[in-house]
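A closer look at the structure
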Amino acid sequence: MHLPALSLLLIGLLFPAAALAETRADTLDSERQAELKTLLYQDCGSCHGMTLRGGLGPALPRDRMEAFSPEALTYIIQHGIPGSAMPGWKTLLSDAEARWIADHLRTDNSLETLQQD
Ligand code: HEC
């Protein structure tokens, strides 16, 4: 049987654990992941550089992002950095989407490092 979206929503409301599982980054479909990638390199990139090499905001290379826990990075993306130009993205991104960007920055990031070899 194919459950309509509303039933899934109700199940999510009745069972908070199930709702929590839905916030996992790996539940996002590939289309949304592609949109988030565009958001990262264009919107975040407007301050951090389109190649994440820095601009108004600092560079975001993978090796530097790995120094943050996934939870800490997700928190920064959701709430921004008060007193700085770094905005919070809570109204634009779901928890799972913020977490997906955090994971992407720590693993698939197109900018490996700023170190020269
Ligand atoms: C309007 C400009 C602006 C935009 C847009 C922006 N940031 Fe930032 N971001 C900043 C600035 C400035 C800082 C440095 C704040 C400070 O610590 O003083 C920062 C800091 C950060 C940090 C901490 C970096 C570190 O090494 O300490 C992360 C991670 C980050 N931004 C990720 C993102 C992501 C992901 C997005 C898009 C969802 C984004 N930012 C969009 C300006 C921006």
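Data block above holds the structure.
Notes on the structure in this doc start here.

Cut-offs used in this document
- Residues numbered from 1 in each chain as written.
- Predicted model: local features only at pLDDT ≥ 70, side-chain atom pairs only at ≥ 80, totals over all residues.
- Heavy atoms only, no water.
- Donors = N, O, S within 2.8 Å, 3.2 Å for Na, K, Ca; no water.
- Buried < 20%, exposed > 50% of the residue type's maximum accessible area, 1.4 Å probe, protein only.
- Bend = angle between axes of the 7 residues up to and from the residue.
- Helix = DSSP H or I, 4+ residues; strand = E, 2+ residues; numbered from the N terminus.
- Core = buried A, V, L, I, M, F, W, Y, C linked by side-chain atoms within 4.5 Å.
- Contact = heavy atoms within 4.5 Å.

Once that is clear, we can look at the coordination of the iron atom of the ligand. Taken together, His48 (NE2) and Met86 (SD) make up the full set of protein donors to the iron atom of the ligand, lying 2.0 to 2.1 Å away. His48 gets classed as buried once you look at its relative accessible area, which sits at 10%. The exposure class assigned to Met86 is partly exposed, which follows from its relative accessible area of 22%.

Let's shift gears to helix H3 (residues 30-48). The largest bend along H3 reaches roughly 30° and is located at Leu39. Of the positions making up H3, those classed as buried are Leu36, Leu39, Leu40, Tyr41, Cys44, Gly45 and His48. One or two residues past the end of H3 sits Gly49, with phi positive at roughly 95°.

Looking now at the nonpolar core. Formed by 20 residues in total, the largest nonpolar core has its most connected members in Ile77, Leu93, Ile101 and Leu105. Of all the elements in the fold, those that place two or more residues in this core are H3, helix H5 (70-79) and helix H6 (95-107). Among the elements that line this core, the one with the most residues is H6, at six residues. Setting aside anything within four residues of it in sequence, one finds Leu93 in contact with Arg32, Leu36, Leu39, Ile77, Ala98 and Ile101.

A separate point is the side chain of Thr74. Secondary-structure assignment places Thr74 in helix H5. Every residue in contact with Thr74, bar those within four places of it in the chain, is listed here: Asp95, Ala98, Arg99 and Ala102.

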